[in-house]
Amino acid sequence: MTELTSVSLVEIRRRLEAVRSPLTRRRMAAQLRGDARRGARALGASVEQRERQRRIERARLSKLFRRRNRLLRDGSEFVAGVDEVGVGPLAGPIVAAAVIFPRRVDYDSLHGLDDSKRLTRRARERLAQEIRANALAFHIAEISAEQVDLLNTYHAALAAMREAVTGLSVAPDYVLVDARTIPELEAPQSGLIHGDAIDASIAAASVVAKVYRDALMRRLHTRYPGYGFDRHVGYGTPEHLAALHRLGPSPVHRRSFAPVSRAIAR
C-alpha cells in the first residue's frame, strides 16, 4: 500500500471507495490517523467508524444465521426459510415466499436484514434485490382473495407457504417457518415464534414476500383506482373503509371479511 500523506484527499476518497478488502481499509485508516492534515485524520476516523459498524452488523447477522448454520453442521444441505404476508388485509392475495441461501453468505450485501415490518420501504426493496441475487433458490406463491374466502385466512396462509416451499427449484431438507407448522411437507420443519425477527432465512422470506405483494397491490391500484391500494395495500384503513362504502367491493376484495360483506349488503 502506498504512502497516503502525499496523496490528495480527493484521491484518498477515490481509493477508499475502490477498496473491497476490510483489512486494506483498516490499514489506510491507520495511516490517515497520523496524517498532519485535519481533513485526512477526519477521513480516517470516518473509515474506522464505518468499519466498527460493519463488524457489529456482521456479528448481528451471524447470530441470525446461527440456527441455519447449526442445521448445516448437523448434516442438512439446503435449509429453507418461509413466511407469509397479507393475512389481515380486506383485499388482495396472501403471498408467501421461501428462500434458501447458499452455505456461504455475503453478509455485507444483506446489511440491515430484519423482519420486513421493521424496515422502511426503501430498505425492503434494496434487500429484496440482494436476497434474490444471493439466494440459491427462492419461490413466491399467491393465494387469491377468492381462495382466501373459500379456505379462510389460516388455511390459505398454510397453503401459500406450502406452495412456496414445494415450488423451490432446490428441494430443502429442512424448513424454518414463522410460527406455523405446514402440513404435507416431506422435509422436517421447525415453527419459530417471531421467526422473522430471530432467523435470517425467515426474515429474508418475509422481505421478499412483502416487497412482491406491495408491488402487486400498486398494480391493482391502476386496475381498480379509488380504493387507495397503492397506499394501504389492502388493509382496513379509514380511507379504505370509506372507499368501500362509496364504491362497493372490487373483484379483489375478500367477501368473507365483515367490512366487505357489509358493503355488499348495503
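Preceding block: the structure.
Below: a short report on this structure. As the structure is a computational prediction, the values presented were derived from the model and not from experiment. (Residues numbered from 1 in each chain as written. Predicted model: local features only at pLDDT ≥ 70, side-chain atom pairs only at ≥ 80, totals over all residues. Heavy atoms only, no water.)

## A word on the packing of aromatic side chains
For step 1, the next point in the chain: Applying the stated criterion across every chain yields a total of 3 aromatic pairs.
For step 2, the next point in the chain: Judged by centre distance (5.4 Å) and plane angle (70°), the rings of Phe65 and Phe101 are edge-to-face. With a gap of 36 residues between them, Phe65 in the loop between α3 (38–64) and α4 (66–73) and Phe101 in the loop between β2 (94–100) and α5 (121–134) connect regions that are remote in the sequence.
For step 3, the next point in the chain: Ring geometry for Tyr227 and Phe229: centres 5.4 Å apart, planes at 10°, overall stacked. Grouping residues by exposure puts Tyr227 and Phe229 together as buried.
For step 4, the next point in the chain: Within the aromatic cluster, the residues linked to one another by ring pairs are Phe65, Phe101 and Tyr107. (Phe/Tyr/Trp six-rings, centres within 6.5 Å; stacked < 30°, edge-to-face > 60°. Helix = DSSP H or I, 4+ residues; strand = E, 2+ residues; numbered from the N terminus. Buried < 20%, exposed > 50% of the residue type's maximum accessible area, 1.4 Å probe, protein only.)

## Regarding the pattern of salt bridges
For step 1, the next point in the chain: What the rule picks out here adds up to 19 salt bridges.
For step 2, the next point in the chain: The salt bridge partner of Glu51 is Arg54, with a shortest N-O separation of 3.9 Å. Pair noted here: Glu51 and Arg54 are both in helix α3, with a separation of 3 residues, about one helical turn.
For step 3, the next point in the chain: Given the relative accessible area of 5%, Glu51 is considered buried.
For step 4, the next point in the chain: Its salt-bridge partner being Asp114, residue Arg118 comes within 3.3 Å of it at the nearest N-O pair.
For step 5, the next point in the chain: Judged by relative accessible area, Asp114 falls into the buried class, the value being 14%.
For step 6, the next point in the chain: What emerges from the salt-bridge pattern is a single network uniting Arg25, Glu51, Arg54, Arg58 and Asp108. (Salt bridge = Lys/Arg side-chain N within 4 Å of Asp/Glu carboxyl O.)

## A word on α5
For step 1, the next point in the chain: For α5, built from 14 residues, the straight-helix expectation of 20 Å at 1.5 Å per residue is met to within 8% by its first-to-last C-alpha distance of 20 Å.
For step 2, the next point in the chain: Structurally, α5 contributes buried residues whose contacts are with β2 and α9 (200–223). (Expected span 1.5 Å × (residues − 1). Contact = heavy atoms within 4.5 Å.)

## Focus on α4
The α-helix winds at 3.6 residues per turn, so residues separated by three or four positions along the chain end up facing the same way.
For step 1, the next point in the chain: When α4 is considered as a whole, its buried residues turn out to be Arg68, Leu71 and Leu72. Looking straight down α4, one finds that the buried residues subtend no more than 100° of arc, so they occupy a single side.
For step 2, the next point in the chain: Those residues of α4 hidden inside the fold are in contact with β1 (79–85), β4 (174–178) and α9.
For step 3, the next point in the chain: With its phi angle positive at about 120°, Gly75 sits one or two positions after the end of α4. (Arc of directions from axis to C-beta.)

## Notes on the environment of Leu64
For step 1, the next point in the chain: Position of Leu64 among the secondary structure elements: in helix α3.
For step 2, the next point in the chain: Judged by its relative accessible area of 8%, Leu64 falls in the buried class.
For step 3, the next point in the chain: Placed 136 residues apart in sequence, Leu64 and Ala200 show a C-alpha to C-alpha distance of 4.9 Å.

## Overview of the nonpolar core
For step 1, the next point in the chain: Among the nonpolar cores identified, the biggest contains 29 residues, and Val82, Ile143, Met161, Val165, Val175 and Ile182 are the most heavily contacted of them.
For step 2, the next point in the chain: Secondary-structure elements contributing two or more residues to this core are β1, β2, β3 (137–143), α7 (153–166), β4 and α12 (258–265).
For step 3, the next point in the chain: For Val175, the contacting residues outside a window of four places in its chain are Ala80, Val82, Val165, Leu185, Ala187, Pro188, Gln189 and Ser190.
For step 4, the next point in the chain: With 27 residues, the next largest nonpolar core counts Leu61, Leu110, Val207 and Val208 among its residues. (Core = buried A, V, L, I, M, F, W, Y, C linked by side-chain atoms within 4.5 Å.)

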